[in-house]
Amino acid sequence: MIKSDQHMHSSFSGDSQAKISDIIDSAVSKGLDIICLTDHYDPLFPCYQEGEDTIFDLDTKSYNEAAIKIRNDDSIQSRIKVRVGMELGIYPKIYDMCKDIVKEYPYDFIILSSHTADGLDPYLHTYWEEFDNPVDGVKLYYNEILKNVSEFKDFDVYGHLDYCLRYTTTTEEERSIKNYKDILEAIFKILVADGKGIEINSGGLRRKGYNMFNPSEEILKFYKECGGEIITFGSDAHKPEDVAYGIKEAYDILKGIGFEYIADYKERKINFTKI
Ligand SMILES: [Zn+2]
Ligand SMILES: [Zn+2]
């Protein structure tokens, strides 16, 4: 069994101070075989703290230089396979910017993620105040994912599919996919037809009061029912110690649902290994 963590952030991301060397040491100590750095590219994302306009711009020149160094460093690659990708925080206004950035360097792996919906950030309580019922806030979020997968094609997997749920309080009834089945089915049909996947992301597992993977087991099951087979594991670590967080539980959930393979990517090409 290959242990692969395909989603993590270093100090190239506006919300992480992790040194790449510390991330690699942590991954090696946890017995991982493959990691992929996926620093944030969310251009124009507003900064909520004073002093800066944006927080998630990526210095691609330095990032690409670091990527070349990592790829050519045998002392690193002989310990663990380290790949370099990107997490694009997509929304319609920046499709063209994202298309350009993906072409800029031969990245190994591209995660497409929604961190906003209709320009609003579900991380903030003001997002949820827009809706009488949180179900409508979740629908807005999934509908934007549907638009993104319909119109933007240069990516490999969609990140933390029900991420918006991390930042609101919902009952099991409100979270249930029966409220969103048609939208999710439309998303999965497109992903499957395009040969793209989703991830199981353990970031929410570390969030107090949420303590769940994204997406939920219910959504993962439905993805499989819709013909989905491509799935990666991502810790979404922003600190070295969180690399591989929850990987065993994630693999157990996937096996329980009936997924037999986990995916990793090199130079945008998929590789499957038995779970
Ligand atoms: Zn994300
Ligand atoms: Zn992330």
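This text goes with the structure placed above it.
What this report covers is the structure whose coordinates are included nearby. (Residues numbered from 1 in each chain as written. Chains lettered and ligands numbered in written order. Predicted model: local features only at pLDDT ≥ 70, side-chain atom pairs only at ≥ 80, totals over all residues. Heavy atoms only, no water.)

Looking at the coordination of the zinc ion (ligand 2)
For the zinc ion (ligand 2), the full set of protein donor atoms is His7 (NE2), His9 (NE2), Glu87 (OE) and Asp236 (OD), and the range of their distances to it is 2.1 to 2.2 Å. What the four donor atoms of the zinc ion (ligand 2) show is an angle range of 84 to 176 degrees at the metal, which sorts the shape as irregular. Between the donor residues of the zinc ion (ligand 2), the gaps in sequence give the motif H-x1-H-x77-E-x148-D. In this model, the zinc ion (ligand 2) sits 3.5 Å from the zinc ion (ligand 1), the two metals being bridged by Glu87. Since its relative accessible area comes to 1%, His9 is described here as buried. (Donors = N, O, S within 2.8 Å, 3.2 Å for Na, K, Ca; no water. Tetrahedral: all angles 85-135°; square planar, octahedral: opposite > 155°, others 65-115°. Buried < 20%, exposed > 50% of the residue type's maximum accessible area, 1.4 Å probe, protein only.)

Some words on the coordination of the zinc ion (ligand 1)
Only Glu87 (OE), His115 (NE2) and His160 (NE2) from the protein coordinate the zinc ion (ligand 1), and they sit 2.1 to 2.2 Å from it. Positions of the donor residues of the zinc ion (ligand 1) along the chain correspond to the pattern E-x27-H-x44-H. A residue is classified by how much of its surface remains accessible, and Glu87, at 0% relative accessible area, is buried. On the basis of relative accessible area, His115 is assigned to the buried category, the value being 7%.

Things to note about the packing of aromatic side chains
Aromatic ring pairs are described here by two measures, namely the spacing of the ring centres and the angle between the planes. Tallied over the full model, the rule gives 17 aromatic pairs. Plain terms: the ring middles of Tyr127 and Trp128 are 4.8 Å apart, the flat faces sit at 70 degrees to each other, and that makes the pair edge-to-face. Judged by its relative accessible area of 11%, Trp128 falls in the buried class. Against the face of Phe259 rests Lys224, its NZ or CZ located 5.9 Å from the ring centre. (Phe/Tyr/Trp six-rings, centres within 6.5 Å; stacked < 30°, edge-to-face > 60°. Lys NZ or Arg CZ within 6 Å of the ring centre and 35° of its normal.)

Some points on helix α4 (residues 95-104)
The set of residues buried in α4 consists of Tyr95, Cys98, Ile101 and Val102. Here the buried residues of α4 occupy an arc of 125 degrees about the axis, which is enough to place them on one side. Set apart from the buried face of α4 by more than 90 degrees, the exposed residues are Asp96, Asp100 and Lys103. Buried residues along α4 sit in contact with β2 (34-41), α2 (60-72), β3 (81-89), β4 (109-113) and α6 (134-151). (Helix = DSSP H or I, 4+ residues; strand = E, 2+ residues; numbered from the N terminus. Arc of directions from axis to C-beta. Contact = heavy atoms within 4.5 Å.)

As for the nonpolar core
Proteins that are soluble and globular tend to have nonpolar side chains buried together. Membership of the largest hydrophobic core comes to 87 residues, with the highest contact counts inside it found for Ile35, Leu88, Tyr142, Leu184, Ile187 and Phe188. The element contributing the most residues to this core is α6, with seven residues. Those residues in contact with Ile187 that sit more than four places away from it in its chain are Tyr142, Ile145, Leu146 and Val149. (Core = buried A, V, L, I, M, F, W, Y, C linked by side-chain atoms within 4.5 Å.)

A look at the environment of Lys61
Relative to the assigned elements, Lys61 resides in helix α2. Overall, Lys61 belongs to the exposed group, its relative accessible area being 59%.

Let's talk about the sheet that holds β3
Ordered by their spatial adjacency, seven strands build an open sheet running β1-β2-β3-β4-β5-β6-β7, and the pairing between neighbours is parallel. Both outer strands of the open sheet, β1 (4-5) and β7 (231-234), are each paired with one neighbouring strand and no more. Two strands pair when backbone bridges link them, and strand β5 (residues 157-158) and strand β6 (residues 197-201) are joined in this way by two bridges, in the parallel orientation. Bridge pairing links Val157 to Gly197 in β6. (Pairing = 2+ DSSP bridges.)

Concerning the side chain of Glu87
Within the secondary structure layout, Glu87 lies in strand β3. Within the buried core, Glu87 has no salt-bridge partner, and the shortest N-O distance to an opposite charge, that of Arg166, equals 7.7 Å. Side-chain polar atoms of Glu87 contact the side chain of His9, separated by 3.0 Å. A polar side-chain atom of Glu87 sits 2.7 Å from a polar atom in the side chain of Ser113. The contact partners of Glu87, leaving out residues within four places of it in the chain, are His7, His9, Thr38, Asp39, His40, Tyr41, Asp42, Ile111, Ser113, His115, His160 and Asp236. (Lys, Arg positive; Asp, Glu negative; His and termini not counted. Salt bridge = Lys/Arg side-chain N within 4 Å of Asp/Glu carboxyl O. Polar contact = N/O pair within 3.5 Å; in protein donor to acceptor, adjacent residues only side chain to side chain.)

Looking at helix α9 (residues 217-225)
Those residues of α9 that sit buried are Ile219, Leu220, Phe222 and Tyr223. The buried side chains of α9 occupy one side of the element, clustering within an arc of 165 degrees when seen end-on. One or two steps after α9, the chain reaches Gly227, where phi turns positive at roughly 95 degrees.

Scope: geometric values only; no functional claims are made or implied.
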